[in-house]
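Take a look at the letters that make up each chain.
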Amino acid sequence: MPTLALAFDDVPFRAIAEQSLAGFYVVQDERFVYANDTFAAMFGFERTAFIGRRIVDCVTEDSVDEVMHNYQRRISGEVNAIHYVTKGVHRDGRVVHLELHASRVECRGRPAIAGVALDITERVQAQASVRESREQLRRLLKHINSTREIERARLAREVHDVLGGMLSSAKFDLSRIVRRTAAPGLEELHAIAAPLVELMQDTIETARSVSEELRPAGLDLLGLGAALTQAVERFGVRHGLATDVRCSGSFDALPPASAMQIYRIVQEALTNVARHAEATQIELQLSAKAGALVLRLADNGRGLDATPRRPGAIGLFSMAERARDIGATFHARPAGAGGTELLLMLPLPASVTPPA
Ligand SMILES: Nc1ncnc2c1ncn2[C@@H]1O[C@H](COP(=O)(O)OP(=O)(O)OP(=O)(O)O)[C@@H](O)[C@H]1O
Ligand SMILES: [Mg+2]
(Lines give C-alpha, C1' and ligand atoms only; values in the text may rest on other atoms or scores of the structure.)
(Ligands and ions follow the chains in the order given, each with its own letter.)
Protein backbone atom coordinates (compact mmCIF):
# COMPACT_ATOMS: atom_id res chain seq x y z
CA MET A 1 0.00 0.00 0.00
CA PRO A 2 1.49 3.41 -0.94
CA THR A 3 2.42 5.46 2.15
CA LEU A 4 0.95 8.91 2.61
CA ALA A 5 3.97 10.17 4.55
CA LEU A 6 6.48 12.35 2.70
CA ALA A 7 10.15 11.54 2.88
CA PHE A 8 12.02 14.20 4.93
CA ASP A 9 13.78 15.59 1.88
CA ASP A 10 10.46 16.10 0.10
CA VAL A 11 8.93 18.30 2.84
CA PRO A 12 8.54 21.85 1.48
CA PHE A 13 10.53 23.47 4.30
CA ARG A 14 10.95 26.68 2.39
CA ALA A 15 7.19 27.31 2.26
CA ILE A 16 6.85 26.40 5.92
CA ALA A 17 9.70 28.71 6.99
CA GLU A 18 8.48 31.64 4.93
CA GLN A 19 4.91 31.43 6.25
CA SER A 20 5.77 30.63 9.82
CA LEU A 21 4.40 32.77 12.62
CA ALA A 22 7.70 32.17 14.42
CA GLY A 23 10.77 34.07 13.25
CA PHE A 24 13.43 32.00 11.48
CA TYR A 25 16.97 33.23 10.90
CA VAL A 26 20.49 32.20 9.99
CA VAL A 27 23.56 34.12 11.15
CA GLN A 28 27.01 33.76 9.67
CA ASP A 29 30.06 35.98 10.25
CA GLU A 30 27.97 37.90 12.83
CA ARG A 31 25.41 38.97 10.20
CA PHE A 32 21.92 37.78 9.33
CA VAL A 33 22.22 35.89 6.07
CA TYR A 34 18.64 34.64 6.15
CA ALA A 35 15.44 35.81 7.87
CA ASN A 36 11.83 35.01 7.18
CA ASP A 37 9.25 37.82 6.97
CA THR A 38 8.18 37.28 10.58
CA PHE A 39 11.70 37.64 11.96
CA ALA A 40 12.47 40.74 9.88
CA ALA A 41 9.13 42.28 10.92
CA MET A 42 10.07 41.88 14.60
CA PHE A 43 12.69 44.54 13.89
CA GLY A 44 10.40 46.61 11.62
CA PHE A 45 12.07 45.64 8.35
CA GLU A 46 11.16 44.07 5.03
CA ARG A 47 13.01 40.81 4.72
CA THR A 48 15.30 41.95 1.91
CA ALA A 49 16.29 45.11 3.78
CA PHE A 50 16.96 43.13 6.95
CA ILE A 51 19.25 40.50 5.51
CA GLY A 52 22.88 41.59 5.82
CA ARG A 53 22.41 43.46 9.10
CA ARG A 54 24.91 42.80 11.89
CA ILE A 55 23.75 41.14 15.10
CA VAL A 56 25.19 43.94 17.22
CA ASP A 57 23.01 46.49 15.41
CA CYS A 58 19.86 44.52 16.18
CA VAL A 59 20.07 44.16 19.96
CA THR A 60 20.06 46.62 22.84
CA GLU A 61 23.41 47.86 24.11
CA ASP A 62 23.10 45.98 27.39
CA SER A 63 22.38 42.72 25.53
CA VAL A 64 25.30 42.86 23.10
CA ASP A 65 27.84 41.10 25.34
CA GLU A 66 25.53 38.22 26.18
CA VAL A 67 24.33 37.76 22.59
CA MET A 68 27.85 37.78 21.17
CA HIS A 69 29.08 35.47 23.90
CA ASN A 70 26.29 32.99 23.09
CA TYR A 71 27.09 33.35 19.39
CA GLN A 72 30.79 32.58 19.91
CA ARG A 73 30.09 29.59 22.16
CA ARG A 74 28.03 27.94 19.44
CA ILE A 75 30.22 28.90 16.50
CA SER A 76 33.28 27.53 18.34
CA GLY A 77 31.39 24.30 19.03
CA GLU A 78 31.55 24.73 22.85
CA VAL A 79 27.78 24.18 22.93
CA ASN A 80 25.42 23.17 20.15
CA ALA A 81 22.19 24.90 21.05
CA ILE A 82 21.15 27.68 23.39
CA HIS A 83 17.70 28.76 24.49
CA TYR A 84 17.60 32.25 25.93
CA VAL A 85 15.70 35.52 26.11
CA THR A 86 17.16 38.77 24.92
CA LYS A 87 16.25 42.30 23.91
CA GLY A 88 16.19 43.32 20.27
CA VAL A 89 15.83 46.86 18.97
CA HIS A 90 13.00 47.69 16.58
CA ARG A 91 13.70 50.09 13.75
CA ASP A 92 11.65 52.76 15.58
CA GLY A 93 13.78 52.40 18.73
CA ARG A 94 11.36 50.23 20.71
CA VAL A 95 12.75 47.32 22.71
CA VAL A 96 11.50 43.94 21.47
CA HIS A 97 11.76 41.01 23.88
CA LEU A 98 12.74 37.86 22.01
CA GLU A 99 12.84 34.26 23.04
CA LEU A 100 15.46 32.50 20.95
CA HIS A 101 16.34 28.93 20.37
CA ALA A 102 19.33 28.64 18.09
CA SER A 103 21.89 26.03 17.23
CA ARG A 104 25.07 25.57 15.27
CA VAL A 105 24.69 24.40 11.65
CA GLU A 106 26.85 24.11 8.55
CA CYS A 107 25.95 26.62 5.87
CA ARG A 108 27.78 26.76 2.54
CA GLY A 109 30.49 24.67 4.14
CA ARG A 110 31.08 26.97 7.12
CA PRO A 111 29.65 27.21 10.65
CA ALA A 112 26.57 29.32 11.11
CA ILE A 113 23.73 29.68 13.61
CA ALA A 114 20.16 28.78 12.69
CA GLY A 115 17.48 29.92 15.06
CA VAL A 116 13.80 30.28 15.84
CA ALA A 117 12.52 33.43 17.55
CA LEU A 118 9.30 34.35 19.30
CA ASP A 119 8.34 37.93 20.04
CA ILE A 120 7.41 37.81 23.73
CA THR A 121 7.22 41.58 24.24
CA GLU A 122 3.53 41.52 25.16
CA ARG A 123 4.07 38.74 27.68
CA VAL A 124 7.05 40.54 29.24
CA GLN A 125 5.11 43.80 29.41
CA ALA A 126 2.08 42.04 30.91
CA GLN A 127 4.33 40.46 33.55
CA ALA A 128 5.90 43.83 34.31
CA SER A 129 2.49 45.41 34.62
CA VAL A 130 1.29 42.62 36.95
CA ARG A 131 4.42 43.20 39.06
CA GLU A 132 3.77 46.93 39.10
CA SER A 133 0.09 46.44 40.06
CA ARG A 134 1.12 44.10 42.84
CA GLU A 135 3.62 46.65 44.09
CA GLN A 136 0.93 49.35 43.99
CA LEU A 137 -1.47 47.06 45.84
CA ARG A 138 1.22 46.50 48.47
CA ARG A 139 1.77 50.22 48.88
CA LEU A 140 -1.99 50.82 49.05
CA LEU A 141 -2.43 48.10 51.65
CA LYS A 142 0.38 49.53 53.73
CA HIS A 143 -1.20 52.95 53.53
CA ILE A 144 -4.65 51.58 54.44
CA ASN A 145 -3.21 49.63 57.35
CA SER A 146 -1.34 52.59 58.76
CA THR A 147 -4.31 55.00 58.42
CA ARG A 148 -6.55 52.31 59.95
CA GLU A 149 -4.13 52.03 62.85
CA ILE A 150 -4.30 55.80 63.47
CA GLU A 151 -8.11 55.81 63.21
CA ARG A 152 -8.40 52.78 65.50
CA ALA A 153 -6.19 54.46 68.11
CA ARG A 154 -8.36 57.61 67.96
CA LEU A 155 -11.61 55.61 68.30
CA ALA A 156 -10.10 53.51 71.12
CA ARG A 157 -9.27 56.70 73.04
CA GLU A 158 -12.81 58.07 72.49
CA VAL A 159 -14.42 54.82 73.59
CA HIS A 160 -12.10 54.27 76.53
CA ASP A 161 -11.73 57.79 77.88
CA VAL A 162 -14.91 59.61 76.82
CA LEU A 163 -17.55 56.89 76.64
CA GLY A 164 -15.89 54.91 79.47
CA GLY A 165 -15.79 58.07 81.63
CA MET A 166 -19.46 58.89 80.97
CA LEU A 167 -20.53 55.34 81.75
CA SER A 168 -18.53 55.33 85.01
CA SER A 169 -20.21 58.60 86.13
CA ALA A 170 -23.62 57.16 85.25
CA LYS A 171 -22.82 54.02 87.24
CA PHE A 172 -21.65 56.11 90.20
CA ASP A 173 -24.92 58.09 90.22
CA LEU A 174 -27.00 54.95 89.80
CA SER A 175 -25.22 53.39 92.79
CA ARG A 176 -26.18 56.46 94.82
CA ILE A 177 -29.82 56.05 93.74
CA VAL A 178 -29.69 52.38 94.74
CA ARG A 179 -28.30 53.32 98.17
CA ARG A 180 -30.89 56.05 98.73
CA THR A 181 -33.81 53.90 97.59
CA ALA A 182 -32.93 51.20 100.11
CA ALA A 183 -35.27 53.00 102.55
CA PRO A 184 -38.79 51.65 103.20
CA GLY A 185 -41.49 52.89 100.82
CA LEU A 186 -39.05 53.15 97.85
CA GLU A 187 -38.99 49.45 96.98
CA GLU A 188 -40.38 49.97 93.49
CA LEU A 189 -37.69 52.52 92.52
CA HIS A 190 -35.02 50.36 94.16
CA ALA A 191 -36.09 47.33 92.11
CA ILE A 192 -35.70 49.35 88.92
CA ALA A 193 -32.37 50.95 89.82
CA ALA A 194 -30.50 47.94 91.27
CA PRO A 195 -30.27 45.87 88.02
CA LEU A 196 -29.33 49.04 86.13
CA VAL A 197 -26.06 49.17 88.07
CA GLU A 198 -25.23 45.69 86.83
CA LEU A 199 -26.24 46.59 83.29
CA MET A 200 -24.02 49.67 83.51
CA GLN A 201 -21.10 47.52 84.71
CA ASP A 202 -21.58 45.15 81.73
CA THR A 203 -21.71 48.14 79.39
CA ILE A 204 -18.47 49.51 80.86
CA GLU A 205 -16.81 46.14 80.31
CA THR A 206 -18.09 45.97 76.72
CA ALA A 207 -16.72 49.47 76.05
CA ARG A 208 -13.39 48.37 77.53
CA SER A 209 -13.17 45.30 75.32
CA VAL A 210 -14.19 47.28 72.20
CA SER A 211 -11.46 49.77 73.01
CA GLU A 212 -8.98 46.93 73.59
CA GLU A 213 -9.84 45.40 70.18
CA LEU A 214 -9.36 48.73 68.51
CA ARG A 215 -6.08 49.51 70.17
CA PRO A 216 -4.67 46.72 72.33
CA ALA A 217 -3.41 48.66 75.33
CA GLY A 218 -2.49 45.26 76.78
CA LEU A 219 0.19 44.99 74.14
CA ASP A 220 2.11 47.93 75.64
CA LEU A 221 1.34 46.99 79.23
CA LEU A 222 1.70 43.21 79.18
CA GLY A 223 3.81 42.50 76.11
CA LEU A 224 3.04 40.39 73.04
CA GLY A 225 2.83 36.99 74.76
CA ALA A 226 0.29 38.00 77.40
CA ALA A 227 -1.73 40.21 75.02
CA LEU A 228 -2.07 37.38 72.47
CA THR A 229 -2.90 34.85 75.19
CA GLN A 230 -5.67 37.15 76.38
CA ALA A 231 -6.95 37.79 72.86
CA VAL A 232 -7.08 34.08 71.95
CA GLU A 233 -8.71 33.09 75.23
CA ARG A 234 -11.31 35.86 74.95
CA PHE A 235 -11.99 34.74 71.38
CA GLY A 236 -12.44 31.14 72.58
CA VAL A 237 -14.97 32.19 75.18
CA ARG A 238 -16.89 34.39 72.74
CA HIS A 239 -17.10 31.74 70.02
CA GLY A 240 -17.29 28.62 72.19
CA LEU A 241 -13.92 27.17 71.09
CA ALA A 242 -11.41 25.28 73.19
CA THR A 243 -8.07 27.12 73.28
CA ASP A 244 -4.57 25.91 73.89
CA VAL A 245 -2.02 28.72 74.24
CA ARG A 246 1.68 28.21 74.84
CA CYS A 247 4.15 31.07 75.02
CA SER A 248 7.81 30.78 75.82
CA GLY A 249 10.71 33.20 75.80
CA SER A 250 10.71 36.93 76.18
CA PHE A 251 9.49 39.36 73.57
CA ASP A 252 10.44 42.50 75.48
CA ALA A 253 12.96 43.83 73.01
CA LEU A 254 10.67 43.26 70.02
CA PRO A 255 10.03 46.66 68.41
CA PRO A 256 6.49 47.84 69.33
CA ALA A 257 5.59 48.26 65.64
CA SER A 258 6.49 44.60 64.97
CA ALA A 259 4.52 43.43 68.03
CA MET A 260 1.51 45.39 66.76
CA GLN A 261 1.76 43.86 63.26
CA ILE A 262 1.93 40.35 64.75
CA TYR A 263 -1.03 41.12 66.99
CA ARG A 264 -3.05 42.36 63.98
CA ILE A 265 -2.13 39.24 61.98
CA VAL A 266 -3.49 37.04 64.78
CA GLN A 267 -6.63 39.20 65.04
CA GLU A 268 -7.26 38.85 61.30
CA ALA A 269 -6.56 35.10 61.51
CA LEU A 270 -9.04 34.73 64.38
CA THR A 271 -11.66 36.57 62.34
CA ASN A 272 -11.05 34.00 59.59
CA VAL A 273 -11.47 31.13 62.05
CA ALA A 274 -14.80 32.59 63.17
CA ARG A 275 -15.99 33.22 59.61
CA HIS A 276 -14.76 30.22 57.69
CA ALA A 277 -13.31 27.42 59.77
CA GLU A 278 -16.20 25.85 61.71
CA ALA A 279 -13.53 24.77 64.18
CA THR A 280 -13.94 23.54 67.74
CA GLN A 281 -10.40 24.21 68.84
CA ILE A 282 -7.54 26.65 68.27
CA GLU A 283 -3.93 26.43 69.29
CA LEU A 284 -1.47 29.27 69.57
CA GLN A 285 2.21 28.68 70.06
CA LEU A 286 4.55 31.60 70.37
CA SER A 287 8.21 31.28 71.16
CA ALA A 288 11.32 33.40 71.04
CA LYS A 289 14.38 31.23 70.92
CA ALA A 290 17.47 30.50 68.84
CA GLY A 291 17.38 33.99 67.35
CA ALA A 292 13.84 33.76 65.99
CA LEU A 293 10.27 34.43 66.98
CA VAL A 294 8.02 31.63 65.81
CA LEU A 295 4.25 31.88 65.87
CA ARG A 296 1.90 29.05 64.98
CA LEU A 297 -1.85 29.45 65.03
CA ALA A 298 -3.81 26.34 64.10
CA ASP A 299 -7.49 25.48 64.01
CA ASN A 300 -9.13 22.08 63.57
CA GLY A 301 -11.77 23.32 61.13
CA ARG A 302 -12.65 22.65 57.49
CA GLY A 303 -9.32 23.69 56.07
CA LEU A 304 -8.40 26.36 53.54
CA ASP A 305 -9.23 24.31 50.47
CA ALA A 306 -12.70 23.30 51.63
CA THR A 307 -14.06 26.85 51.69
CA PRO A 308 -14.76 28.81 48.52
CA ARG A 309 -12.39 31.74 48.05
CA ARG A 310 -14.28 35.00 48.08
CA PRO A 311 -13.29 37.09 45.04
CA GLY A 312 -11.57 40.23 46.27
CA ALA A 313 -10.61 38.68 49.62
CA ILE A 314 -7.54 40.40 51.01
CA GLY A 315 -7.23 39.04 54.55
CA LEU A 316 -4.49 36.48 53.87
CA PHE A 317 -2.72 38.83 51.49
CA SER A 318 -2.83 41.58 54.08
CA MET A 319 -1.43 39.21 56.74
CA ALA A 320 1.41 38.22 54.42
CA GLU A 321 2.13 41.88 53.69
CA ARG A 322 2.17 42.79 57.38
CA ALA A 323 4.64 39.94 57.93
CA ARG A 324 6.77 41.05 55.01
CA ASP A 325 6.73 44.59 56.34
CA ILE A 326 8.46 43.52 59.57
CA GLY A 327 10.86 41.13 57.80
CA ALA A 328 9.00 37.94 58.75
CA THR A 329 8.06 34.95 56.62
CA PHE A 330 4.41 33.89 56.60
CA HIS A 331 2.64 30.73 55.41
CA ALA A 332 -0.98 29.65 55.54
CA ARG A 333 -1.35 25.93 54.89
CA PRO A 334 -3.45 22.86 55.72
CA ALA A 335 -2.79 21.66 59.26
CA GLY A 336 -2.07 18.00 59.92
CA ALA A 337 -5.46 17.35 61.55
CA GLY A 338 -7.42 18.82 58.64
CA GLY A 339 -7.70 22.44 59.76
CA THR A 340 -5.63 25.46 58.88
CA GLU A 341 -2.25 26.44 60.20
CA LEU A 342 -0.55 29.82 60.02
CA LEU A 343 3.16 30.03 60.55
CA LEU A 344 5.12 33.20 61.05
CA MET A 345 8.86 33.35 61.56
CA LEU A 346 10.72 36.51 62.42
CA PRO A 347 14.50 36.63 62.90
CA LEU A 348 15.17 38.48 66.14
CA PRO A 349 17.92 40.86 67.12
CA ALA A 350 20.23 39.10 69.61
CA SER A 351 18.92 41.11 72.59
CA VAL A 352 15.36 39.68 72.26
CA THR A 353 16.43 36.09 72.88
CA PRO A 354 16.90 35.42 76.58
CA PRO A 355 20.31 34.05 77.55
CA ALA A 356 20.37 30.23 77.59
N1 LIG B 1 -9.09 29.35 59.15
C2 LIG B 1 -9.66 29.10 57.96
N3 LIG B 1 -10.36 27.95 57.74
C4 LIG B 1 -10.92 27.67 56.55
N5 LIG B 1 -10.86 28.50 55.48
C6 LIG B 1 -10.18 29.66 55.62
C7 LIG B 1 -9.55 30.01 56.85
N8 LIG B 1 -8.93 31.22 56.66
C9 LIG B 1 -9.17 31.58 55.41
N10 LIG B 1 -9.93 30.66 54.76
C11 LIG B 1 -10.32 30.66 53.35
O12 LIG B 1 -9.41 31.47 52.64
C13 LIG B 1 -10.12 32.51 51.99
C14 LIG B 1 -9.27 33.76 51.99
O15 LIG B 1 -9.18 34.30 53.29
P16 LIG B 1 -9.06 35.88 53.44
O17 LIG B 1 -8.91 36.21 54.87
O18 LIG B 1 -8.00 36.30 52.49
O19 LIG B 1 -10.45 36.40 52.86
P20 LIG B 1 -11.87 36.56 53.51
O21 LIG B 1 -11.82 36.22 54.97
O22 LIG B 1 -12.84 35.75 52.69
O23 LIG B 1 -12.19 38.08 53.30
P24 LIG B 1 -11.48 39.34 53.98
O25 LIG B 1 -10.83 40.07 52.85
O26 LIG B 1 -12.59 40.09 54.63
O27 LIG B 1 -10.47 38.81 54.97
C28 LIG B 1 -11.42 32.65 52.72
O29 LIG B 1 -12.41 33.18 51.89
C30 LIG B 1 -11.70 31.22 53.11
O31 LIG B 1 -12.24 30.54 52.01
MG1 LIG C 1 -10.39 37.16 56.20
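Note that this is a predicted model, so its numbers are computed, not measured.

Quick look at the site of ligand 1 now. The local shell around ligand 1 holds 19 residues, among which Asn-272, Thr-307, Ala-313, Gly-315 and Leu-316 are the closest. Those elements that place two or more of their residues in the shell around ligand 1 are helix 9 (256–277) and helix 10 (315–325). Ranked by the residues each element gives to the shell around ligand 1, the list is headed by helix 9, at five residues. Along the lines of polarity and charge, the residues of the shell around ligand 1 split into seven nonpolar, seven polar and five charged.

Core analysis: the largest hydrophobic core is formed by 35 residues, its most contacted members being Leu-224, Leu-228, Val-266, Ala-269, Ile-282, Leu-297 and Leu-344. Elements with a minimum of two residues in this core: helix 8 (224–239), helix 9, strand 7 (281–289), strand 8 (292–299), helix 10 and strand 10 (340–347). Top contributing element to this core by residue count: helix 9, with nine residues. Residues contacting Ile-282, with those up to four places away along its chain left out, are Val-232, Gly-236, Leu-241, Thr-243, Val-273, Leu-297, Ala-298 and Asp-299. By size, the runner-up hydrophobic cluster in this structure holds 17 residues, among which are Phe-39, Met-42, Val-67 and Val-96.

The two faces of the sheet receive side chains in turn, since in a regular strand these alternate between them. Burial along strand 10 is one-sided: the face carrying Thr-340, Leu-342, Leu-344 and Leu-346 is buried and the face carrying Glu-341, Leu-343, Met-345 and Pro-347 is not. With seven bridges joining them, strand 8 and strand 10 adopt antiparallel strand pairing. Bridging from a neighbouring strand, Ala-298 pairs with Glu-341 of strand 10. Looking at chain direction, strand 9 (residues 329–334) and strand 10 are connected through six bridges and run antiparallel. When the bridges of strand 10 are listed, Thr-329 appears paired with Met-345. Hairpin connection between strand 9 and strand 10: a loop of five residues separates the two successive antiparallel strands, and Gly-338 in this loop has a positive phi of roughly 110 degrees.

Here we take up the domain arrangement of the chain. Entries for the chain in the domain assignment read domain 1 (19–119), domain 2 (133–215) and domain 3 (216–356). Here the C-alpha centroids of domain 1 and domain 3 sit 54 Å apart.

With antiparallel pairing, five strands are arranged side by side in an open sheet as 2-1-5-4-3. Edge strands, defined here as strands with exactly one partner in the open sheet, are strand 2 (31–35) and strand 3 (81–89). Pairwise comparison of adjacent strand axes, ignoring direction, gives a mean angle of 35 degrees for this sheet. The pairing of strand 1 (residues 23–28) with strand 5 (residues 110–119) spans five bridges and is antiparallel. Bridge pairing in strand 5 places Val-27 opposite Ile-113.

We now examine the packing of helix 8 against helix 9. It is the contact of helix 8 with helix 9, at a shortest axis distance of 11 Å, that shows an interaxial angle of 15 degrees. For the element pair helix 8 / helix 9, the angle class is roughly parallel. Read as a crossing pair, helix 8 and helix 9 show a hand that is right-handed. For the pair formed by helix 8 and helix 9, the contact residues are Leu-224, Ala-227, Leu-228, Ala-231, Phe-235 and His-239 on the first element and Ala-259, Ile-262, Tyr-263, Val-266, Gln-267, Leu-270 and Ala-274 on the second.

Rules used in this analysis
- Residues numbered from 1 in each chain as written.
- Chains lettered and ligands numbered in written order.
- Predicted model: local features only at pLDDT ≥ 70, side-chain atom pairs only at ≥ 80, totals over all residues.
- Near = placed C-beta within 6 Å.
- Helix = DSSP H or I, 4+ residues; strand = E, 2+ residues; numbered from the N terminus.
- Nonpolar A, V, L, I, M, F, W, Y, C, P; charged D, E, K, R; others polar.
- Core = buried A, V, L, I, M, F, W, Y, C linked by C-beta atoms within 7 Å.
- Buried ≥ 20, exposed ≤ 12 C-beta atoms within 10 Å, placed from the backbone.
- Contact = placed C-beta atoms within 7 Å.
- Pairing = 2+ DSSP bridges.
- Domains from an automatic or database assignment.
- Axes fitted to C-alpha atoms, helices over the stretch in contact; angles between N-to-C directions.
- Parallel < 35°, antiparallel > 145°, perpendicular 65-115°, else oblique.
- Left-handed = near helix turned anticlockwise from the far one by under 90°.

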